[in-house]
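Per-entry structural report
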Amino acid sequence: MLCGRTTRRVCSGSNVTKAKWRYKKNARSVSTTDSLAEKLTEEFAINLKRHLEENRYTNADKAFKLILEKLDADTRVDALQYFRGIHAVTEAFTDVPGANKHENQRILAALNDILSQAHSECSTASEPVKIAVTGACGNIGYALIFRIASGQLLGPNIPVQLHLHDVPAAEQALLGISMELEDCAFPLLRGVKTFTNPESAFEDVDYALLAGSKPRGKSMERKDLLRGNATIFLEQGKALNKSAKKSVKILVVGNPANTNCLVLKSNAPNIPSKNFTCMTRLDHNRALYQIAKKAQVNIHDIQNMAVWGNHSSTQYPNINHVLINGTPATEVIKDPDWAVKEFIPTIQQRGASIILARGASSAASAASAIIDHMRSWVYGTRGEWTSMGVISNGEYGVTPGICYSYPVVASGGQYEIVKDLQIDPFSAECLEKTHKELLEERDAIADLLS
Ligand SMILES: NC(=O)c1ccc[n+]([C@@H]2O[C@H](COP(=O)([O-])OP(=O)(O)OC[C@H]3O[C@@H](n4cnc5c(N)ncnc54)[C@H](O)[C@@H]3O)[C@@H](O)[C@H]2O)c1
């Protein structure tokens, strides 16, 4: 947290709603470069610096100085735009005298995250960040890799080195992808290495994005798929344990994602449990879109969405805590049956609907969700909730050790499960149903757990 006290009052007269609206609007604008950035002057920068100093944002001050001293003129414009966002958010924060503690914490977390993102993205790192992608030749891999190499994962100033991994039969395809990457001449890409051996692929990596897995064959039972893929993650868990940095942040995408993540973690005892996650961000994003469409609002107007449990048709996308511009979604959407009859089944079946429509499973949207998941984890959620499959410590009655999707907030590279939420009887039943499925999956591959 940047500061332990409230800031001085910068502007007055607006009501809480206006301030919240401005906060959201400004928080949104900080990640894009627009013509406003060009209007920023040194004078503004000096005023902003004074403002930050008066408020004892010491880290902000350091970051600010660093940016001014080290960056060239073009990059400085981008950096100043970030700081303009911080300034505006600070104003909004100080303008919310009646806001509750939770709201204030959320805004402070937003400030903190904007700042650390600005700091990381504006620092000119010299060492490339090493990112492993398994299943690199698959549909998701192809939609993902070029986005990472162009800077969309870690930002415009952080060089990356890609470690692309797939099965031996895909060796030629790996070569083809690395040739295409060369042909893009991405300035941030400091090397591509291809591998068919996971231990070499994970050597010294900072991030591991694991999409490599077998597709479900025609006459294959879910049980067979579970076992086949769990075996892959057993081998990859051991390889990560041996070769990756101990601080590696891991995202399991390959299905069944939660149980694969459990197998992975169980076979990599040297890496902290908190570093293992599986992806339910696609389900989360799907839910955001359906709510926005129903309520006729923008995605950014929606807060506190949560997807619980397994990334399967038993998942529970829960609308009960969702706020739309600060008002409970259940009040905004004046259709009491919509959540149970339409919304929940739509999200639970969305993957299958895509396969039916496209003849192939979600790939571009999955790649986009991977970017979102990792950016949230690395750069924080600015006080907002997102959904992640994480190793449970027993929160909300879930069996400790299994990988279960919860609402989380992230800041400073760490996520926390949102605690003390009220769970109504219908939700409790849904949470238990998906929990039970995860226990069954775990029991089916129990011999692969260490
Ligand atoms: N969690 C989610 O939200 C989500 C969303 C969409 C897809 N998925 C899952 O992601 C996975 C990948 O999807 P896709 O569309 O890219 O599939 P795909 O079949 O196109 O690609 C899978 C790739 O994995 C490779 N592979 C197979 N075994 C491997 C191994 N042992 N090591 C490394 N690579 C291996 C294959 O050669 C292939 O290149 C699937 O399991 C899919 O169900 C998850």
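Residues numbered from 1 in each chain as written. Predicted model: local features only at pLDDT ≥ 70, side-chain atom pairs only at ≥ 80, totals over all residues. Heavy atoms only, no water.

1. Considerations on the overall build of the protein
Within the protein one finds 16 helices and 14 strands. Put simply, the protein has 450 residues, and 53% of those count as buried. Considering only contacts in the protein between residues 6 or more positions apart, those separated by 24 or more positions represent 76%. (Helix = DSSP H or I, 4+ residues; strand = E, 2+ residues; numbered from the N terminus. Buried < 20%, exposed > 50% of the residue type's maximum accessible area, 1.4 Å probe, protein only. Contact = heavy atoms within 4.5 Å.)

2. A closer look at the pairing of strand 1 (residues 129–134)
Across the six residues that make up strand 1, a large majority, five, are buried. Relative to strand 2 (residues 160–165), strand 1 is paired through six bridges, and the arrangement is parallel. Bridge pairing links Val133 to Leu164 in strand 2. (Pairing = 2+ DSSP bridges.)

3. As for the sheet that holds strand 7 (residues 302–303)
Reading across from one edge, 7-10-11 is the order of the three strands in this open sheet, with antiparallel pairing throughout. Each edge of the open sheet is held by one strand with a lone partner, namely strand 7 and strand 11 (327–328). The pairing of strand 7 with strand 10 (residues 323–324) spans two bridges and is antiparallel. Across the sheet, Gln303 pairs through a bridge with Leu323, a residue of strand 10.

4. Here we look at the nonpolar core
Of all hydrophobic cores here, the largest spans 77 residues; its most connected members are Ile131, Leu154, Leu181 and Ile291. Top element by residues in this core is helix 15 (residues 364–379). It accounts for nine residues. Both domain 2 (129–277) and domain 3 (281–448) contribute no fewer than three residues apiece to this core. With 28 residues, the next largest nonpolar core counts Ala208, Leu264, Cys403 and Ile445 among its residues. (Core = buried A, V, L, I, M, F, W, Y, C linked by side-chain atoms within 4.5 Å. Domains from an automatic or database assignment.)

5. Examining the site of the ligand
Taken together, 22 residues lie near the ligand, and Asn139, Ile140, Asp166, Ser213 and Asn255 sit nearest. Here a nitrogen atom of the ligand and a backbone polar atom of Val253 are 3.3 Å apart. His311 places a polar side-chain atom, nitrogen or oxygen, 3.3 Å from an oxygen atom of the ligand. Protein chains shield 83% of the accessible area of the ligand, which is 860 Å² for the free molecule. When residues of the shell around the ligand are traced back to their parent elements, those giving at least two are helix 7 (139–149) and helix 10 (222–243). (Near = heavy atom within 4 Å. Polar contact = N/O pair within 3.5 Å; in protein donor to acceptor, adjacent residues only side chain to side chain. Areas by Shrake-Rupley, 256 points an atom, 1.4 Å probe, with all protein chains shown as cover.)

6. Some words on helix 14 (residues 338–358)
When the terminal C-alpha atoms of helix 14 are compared, their 26 Å separation across 21 residues is substantially less than the 30 Å that a helix rising 1.5 Å per residue should span. Remark: the principal bend of helix 14, roughly 55°, maps to Arg350. All of the buried residues along helix 14 are Trp338, Ala339, Phe343, Ile344 and Ile347. Residues of helix 14 that are buried make contact with helix 12 (281–295), strand 9 (316–318) and helix 16 (425–444). (Expected span 1.5 Å × (residues − 1). Bend = angle between axes of the 7 residues up to and from the residue.)

7. Here's the deal with the packing of aromatic side chains
The description of two aromatic rings rests on the distance between their centres and on the angle between their planes. Following the criterion strictly, the structure yields eight aromatic pairs and no others. Members of the aromatic cluster, joined through ring pairs, are Trp308, Tyr396, Tyr404 and Tyr406. Positioned above the aromatic ring of Tyr415, the side-chain terminus of Lys274 is 4.6 Å from the ring centre. (Phe/Tyr/Trp six-rings, centres within 6.5 Å; stacked < 30°, edge-to-face > 60°. Lys NZ or Arg CZ within 6 Å of the ring centre and 35° of its normal.)

8. As for the pairing of strand 13 (residues 403–411)
Counted residue by residue, strand 13 has seven buried out of nine residues, so it is predominantly covered. As paired elements, strand 12 (residues 386–391) and strand 13 share six bridges and run antiparallel to each other. Its bridge partner lying in strand 13, Gly389 is registered against Ser405. Pairing analysis gives four bridges linking strand 13 to strand 14 (residues 414–417), with the strands arranged antiparallel. Residue pairing in the sheet places Val409 in a bridge with Glu416 of strand 14. Counted along the chain from strand 13 to the antiparallel partner strand 14, the turn is two residues long, and its residue Gly412 has a positive phi close to 60°.

9. Observations concerning helix 7
Inspection of helix 7 places Ile140, Gly141, Leu144, Ile145, Phe146, Ile148 and Ala149 among the buried residues, and these make up the whole buried set. The inward-facing, buried residues of helix 7 abut strand 1, strand 2, helix 8 (171–184), strand 3 (189–195), strand 4 (207–210) and helix 15. Phi turns positive one or two residues past the end of helix 7, at Gly151, with a value near 100°.

10. Quick look at unusual backbone geometry
In this chain, Asn255 is followed by Pro256 through a cis amide linkage whose omega measures -5°. Among the secondary structure elements, Pro256 is positioned in the loop between strand 5 (249–252) and helix 11 (257–266). Of note, Asp204 is a non-glycine position whose phi angle comes to about 65°, a positive value. Turning to its location among the elements, Asp204 is positioned in the loop between helix 9 (198–201) and strand 4. Taking relative accessible area as the criterion, Asp204 reaches 35% and is therefore assigned partly exposed. The phi dihedral of Gln296 is positive, around 55°, even though this residue is not glycine. Here Gln296 is to be found in the loop between helix 12 and strand 7.

11. Examining the packing of helix 12 against helix 14
Any two packed helices are characterised by how steeply their axes cross, that is the angle between the axes, and by the distance between the axes. The N-to-C vectors of helix 12 and helix 14 enclose an angle of 135°; their axes lie 10 Å apart at closest approach. The angle between helix 12 and helix 14 falls in the class oblique. You can see that helix 12 and helix 14 cross each other, and the crossing is right-handed. When helix 12 is examined against helix 14, the residues Asp283, Arg286, Ala287, Gln290, Ile291 and Lys294 are found in contact with a partner set consisting of Trp338, Phe343, Thr346, Ile347, Arg350, Gly351 and Ile354. Looking at the contact of helix 12 with helix 14 residue by residue, the classes come out as six nonpolar, three polar and four charged. (Axes fitted to C-alpha atoms, helices over the stretch in contact; angles between N-to-C directions. Parallel < 35°, antiparallel > 145°, perpendicular 65-115°, else oblique. Left-handed = near helix turned anticlockwise from the far one by under 90°. Nonpolar A, V, L, I, M, F, W, Y, C, P; charged D, E, K, R; others polar.)

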